[in-house]
Protein chains: 2
Amino acid sequence: MSRRTTGPEIERLIQLLAKLPGLGPRSARRAALFLIKNRERLLAPMALAMAEAQEKVTICTACGNVDTVDPCTLCTDARRDRTTICVVEEVGDLWALERAGAWGGLYHVLGGTLSAIEGVRPEDLSIGALIERAGAGEVKEVVLALNATVEGQTTAHYITERLKTLGIAASRLAHGVPVGGELDYLDEGTLTQAIRARRPL
Amino acid sequence: MSRRTTGPEIERLIQLLAKLPGLGPRSARRAALFLIKNRERLLAPMALAMAEAQEKVTICTACGNVDTVDPCTLCTDARRDRTTICVVEEVGDLWALERAGAWGGLYHVLGGTLSAIEGVRPEDLSIGALIERAGAGEVKEVVLALNATVEGQTTAHYITERLKTLGIAASRLAHGVPVGGELDYLDEGTLTQAIRARRPL
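About the cut-offs
- Residues numbered from 1 in each chain as written.
- Chains lettered and ligands numbered in written order.
- Predicted model: local features only at pLDDT ≥ 70, side-chain atom pairs only at ≥ 80, totals over all residues.
- Heavy atoms only, no water.
- Pairing = 2+ DSSP bridges.
- Helix = DSSP H or I, 4+ residues; strand = E, 2+ residues; numbered from the N terminus.
- Right-handed = clockwise from strand over helix to strand, strands pointing away.
- Least-squares fit on C-alpha atoms with pLDDT ≥ 70 in both.
- Axes fitted to C-alpha atoms, helices over the stretch in contact; angles between N-to-C directions.
- Left-handed = near helix turned anticlockwise from the far one by under 90°.
- Contact = heavy atoms within 4.5 Å.
- Nonpolar A, V, L, I, M, F, W, Y, C, P; charged D, E, K, R; others polar.
- UniProt positions renumbered as here; feature names shortened; annotations may be inferred.
- Core = buried A, V, L, I, M, F, W, Y, C linked by side-chain atoms within 4.5 Å.
- Buried < 20%, exposed > 50% of the residue type's maximum accessible area, 1.4 Å probe, protein only.
- Expected span 1.5 Å × (residues − 1).

**Some thoughts on the pairing of strand β6 (residues 169–172) of chain B**
Residue and element names in this part refer to chain B. As judged from the four bridges shared by strand β5 (residues 141–144) and β6, these two strands associate in the parallel manner. Each bridged residue has a counterpart across the sheet, and for E141 the counterpart in β6 is A169. The β-α-β motif built from β5, the intervening helix α6 (residues 150–164) and the parallel element β6 has right-handed crossover chirality.

**Considerations on the relation of the copies chain A and chain B**
Between the two chain copies there is a screw-like relation: a rotation about an axis and a shift along it. The two copies are related by a screw operation: chain A maps onto chain B through 180° of rotation and 0.0 Å of translation along the axis, at an RMSD of 0.1 Å. Between the two chains, the operation in question is that of a two-fold axis. By C-alpha distance to the rotation axis, the residue of chain A lying nearest is A:A47, at 2.4 Å.

**Thoughts on the packing of helix α1 (residues 8–17) of chain A against helix α3 (residues 39–56) of chain B**
One can describe the packing of α1(A) onto α3(B) by two numbers: an axis separation of 9 Å at closest approach and a directional angle of 145°. Crossing of α1(A) over α3(B) shows left-handed handedness. On α3(B), the residues touching A:E9, A:R12, A:L13, A:L16 and A:L17 of α1(A) are B:L42, B:P45, B:M46, B:A49, B:M50, B:E52, B:A53 and B:K56. By residue class, the composition of the contact of α1(A) with α3(B) is nine nonpolar, no polar and four charged.

**So, the UniProt feature "zinc finger region: C4-type" (unreviewed entry) in chain A**
Within this numbering scheme, the UniProt entry marks residues 60–75 of chain A as carrying the feature "zinc finger region: C4-type" (unreviewed entry). What you have in residues 60–75 of chain A is 0% helix and 12% strand, and the ends, taken at the C-alpha atoms, are 8 Å apart.

**Examining the sheet that holds strand β4 (residues 105–109) of chain A**
All names here are of chain A. Within the open sheet, the four strands sit side by side as β4-β3-β5-β6. Their pairing is parallel. The two strands at the open ends of the sheet, each matched to only one other strand, are β4 and β6 (169–172). Geometrically, the sheet is characterised by an average inter-axis angle of 25° between neighbouring strands, direction not taken into account. Bridge count between strand β3 (residues 81–88) and β4: five bridges; the pairing is parallel.

**Some words on the nonpolar core**
Side chains that are nonpolar tend, in soluble globular proteins, to be buried together. Within the largest apolar cluster, 76 residues are counted, with the highest numbers of intra-cluster contacts made by A:L17, A:M46, A:M50, B:L17, B:M46 and B:M50. When near neighbours in sequence (up to four residues on either side) are disregarded, A:M50 contacts B:L13, B:L17, B:L35, B:L43, B:M46, B:A47 and B:M50.

**Examining helix α3 (residues 39–56) of chain A**
The end-to-end C-alpha distance of α3(A) is 24 Å, a good match for the 26 Å that 18 residues give at a rise of 1.5 Å each. Looking at α3(A), one finds that the buried residues are A:L42, A:L43, A:P45, A:M46, A:A47, A:A49, A:M50, A:A53 and A:Q54. On its buried face, α3(A) is in contact with α2 (25–37) of chain A together with α1 (8–17), α2 (25–37) and α3 of chain B.

Here is the structure:
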C-alpha cells in the first residue's frame with residue numbers, strides 16, 4: 001500500500017502470514033482480519049501457541065521427528081517394533097503414515113532426497129545416521145517410504161545399496177490403484193504396476 | 001490422531017491454524033511444519049507480531065477501520081476529503097479500495113449487511129452511527145460501496161431512504177465490465193448493465 005491504511009503491527013502480521021505455504025497476499029490479509037475479529041478466541045491463543053512451540057519444539061536426534069521431547073514420543077513408545085525402520089523424506093510424510101495407523105515400527109526422516117540438479121549429496125541428508133541405526137544390531141528391515149518421483153527412487157536405490165553391505169533387507173511401498181480411485185483417471189505407469197503386482201482373490 | 005505423534009503444543013498450533021480462512025487441516029499441518037522448520041526466521045517473529053497485534057489493535061470508533069490508533073490513520077489524515085463518506089460492508093473492502101487508491105474521502109464500515117434470513121437488523125450494524133456522521137453537517141455525499149448481492153443492495157436501499165430524510169445524496173458503485181475482463185465470460189446481468197450505462201467516446 002502506498003499510503004498507510006492501518007497500523008504497522010498489522011501490516012507486519014499480514015506480511016508474515018503471507019509467507020506461509022498456501023497463503024498468498026490476499027488470503028494473508030483475510031486471515032489477519034479474521035484473527036483480529038476473533039482476538040480473544042483465536043489471536044491471543046495463537047500468539048501463545050506459537051511462543052510455546054518456539055520455546056519447546058525440538059527435532060528428535062534419533063529419527064528426525066518434530067516433537068517437544070527428545071527422543072520423540074514415537075521413539076520411546078515401548079509398543080513399537082524396534083526391529084523395523086520406515087524411512088521418509090519429510091516429517092509430514094511420517095505424520096501422514098501415523099494418521100493412517102499404517103506403521104508400527106520406528107521412523108527415520110531423511111530431510112529430503114538426493115538431487116544432482118539441486119546439489120543434494122548423501123552427506124546433506126541423514127543417510128549416515130540411518131546406516132548407523134540400521135547397523136546397530138536390532139534392525140531387520142528398512143522400508144523406504146519415499147515419494148514415487150525420480151529423486152525419491154534414486155535415493156531409495158542409493159540407500160538399498162548401502163544397506164546391502166550390512167546385510168539388511170530393504171523394501172519399498174507397493175504401487176497400485178489408490179483405494180477409492182477410479183481407473184479411468186490413473187496414469188499408465190500406475191496401471192501397469194497395478195496389473196503386474198496383481199493379487200489372487 | 002488416535003495415538004500421539006508429536007507434542008501437544010504442536011498439535012494445539014495445528015488446530016488453531018486450521019481455523020484460519022483458507023487453511024484446512026492438511027494445509028494447517030503443512031503451515032505448522034513450515035513454521036517449525038523456519039523457527040528463527042518465521043515462527044519467533046510471528047509469535048511476536050501476533051502478541052503485538054493482540055495488544056495494540058483497536059477498532060476506530062469513528063469509521064470502524066482496524067488500526068493501532070483510534071481514531072484511525074485514515075480518519076485523522078488531513079489530506080482526505082471530509083465531505084464524502086464511502087460505506088463498505090467489511091474492513092477488507094476498505095483495504096481493497098485503499099490499495100486501489102480509488103477513494104480520497106472518509107470511510108464507514110457497516111460490519112455486514114441486513115439479512116432477514118440471518119436475522120441481521122439495522123441496529124445490528126453501524127447504520128445509526130453512519131446516519132449521525134452524515135447528519136453532522138460537513139458531509140455532502142455518501143457512496144454505498146456494498147457488494148452487488150441481494151443483501152448488499154437491500155442494505156444500500158435502506159440506507160439511501162434514511163439519508164434522503166437528511167437531504168444527503170447517496171450514490172453506488174458503477175456496474176460494468178471489469179477492467180481486463182472478457183465479455184464472453186461475463187454474466188448477462190453485468191453485460192446488460194454495461195450496455196445501459198455505456199459512455200460516449
